[in-house]
Amino acid sequence: MADSLILELADFEHDVFTGIYSEETGRPQPLRFTVQVRFRCPPERFVPETPLSASKNYMDLKFACSEALGDTHYQLIEAVADHVCETLFLQDERVEAVTVKIVKLALSEADEKIGITLHRDRR
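Criteria and cut-off values
- Residues numbered from 1 in each chain as written.
- Predicted model: local features only at pLDDT ≥ 70, side-chain atom pairs only at ≥ 80, totals over all residues.
- Heavy atoms only, no water.
- Helix = DSSP H or I, 4+ residues; strand = E, 2+ residues; numbered from the N terminus.
- Buried < 20%, exposed > 50% of the residue type's maximum accessible area, 1.4 Å probe, protein only.
- Contact = heavy atoms within 4.5 Å.
- Areas by Shrake-Rupley, 256 points an atom, 1.4 Å probe, with all protein chains shown as cover.
- Lys, Arg positive; Asp, Glu negative; His and termini not counted.
- Charge placed at Lys NZ, Arg CZ, Asp CG, Glu CD.
- Salt bridge = Lys/Arg side-chain N within 4 Å of Asp/Glu carboxyl O.
- Polar contact = N/O pair within 3.5 Å; in protein donor to acceptor, adjacent residues only side chain to side chain.

Trainee: Sorry if this is basic, but what is going on with the overall build of the chain here?
Mentor: Regarding its fold elements, the chain presents two helices and four strands. Each helix and strand of the chain, placed in order from N terminus to C terminus, yields the pattern β-β-α-α-β-β. Principal axes of the C-alpha set define a box for the chain whose edges measure 50 × 30 × 25 Å. Within the chain, buried positions represent 36% of all 123 residues. Of the contacts formed within the chain by residues at least 6 apart in sequence, a portion of 66% connects residues at least 24 apart. Of the roughly 7700 Å² that the chain leaves accessible, carbon and sulfur atoms contribute 51%. For the chain, the distance from the average site of its 14 positive side-chain charges to the average site of its 22 negative ones is 3 Å.

Written out as structure tokens, the structure is:
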């Protein structure tokens, strides 16, 4: 089995246009993202002098969960997660798999976490 590197963005909150009910449409709602990216690990070892090009910029994960979503209205948060996965696959051919967990913060009444987790392998 080949080595791999897992990059992670955890508990990132961003407002996204999503929802199917009338009270949800027309305005963004807060979502909490946790994203894991399995990345093909090119060097035999990471040493102090290893350049960033041997890995992936963590800010790419944040971008996929924010600016890359644009002002599009997504009826389902599953579609939001799918867009995040596709963005990360398109950014870098070394991305092997992406897992996106989304929690809809506006639905929480007693601090519970309501949402989805989507995992995609590169096809």
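Moving on from the model shown.
Trainee: Just checking my understanding: could you explain the pattern of salt bridges for this structure?
Mentor: Charged atoms that come close allow side chains of opposite charge to pair. Applying the stated criterion to the full structure yields six salt bridges. D121 is the salt-bridge partner of R38, the closest N and O atoms lying 3.8 Å from each other. With R38 in strand β2 (residues 29-40) and D121 in strand β4 (residues 115-121), this pair connects stretches of sequence that are 83 residues apart. Classification of D121 as partly exposed rests on a relative accessible area of 40%.

Trainee: What is the right way to read the environment of R122 from this model?
Mentor: When you line up the elements, R122 lands in the segment after β4. You can call R122 partly exposed: its relative accessible area is 35%. For the pair formed by R122 and E96, sequence separation is 26 residues and the distance between their alpha carbons is 5.4 Å. Those residues within four positions of R122 in sequence are excluded, and the remaining contacts are F89, D92, E93, R94, V95 and E96. Side-chain polar atoms of R122 contact the backbone oxygen of F89, separated by 3.0 Å.

Limitation: the analysis is restricted to geometry and does not speak to function.
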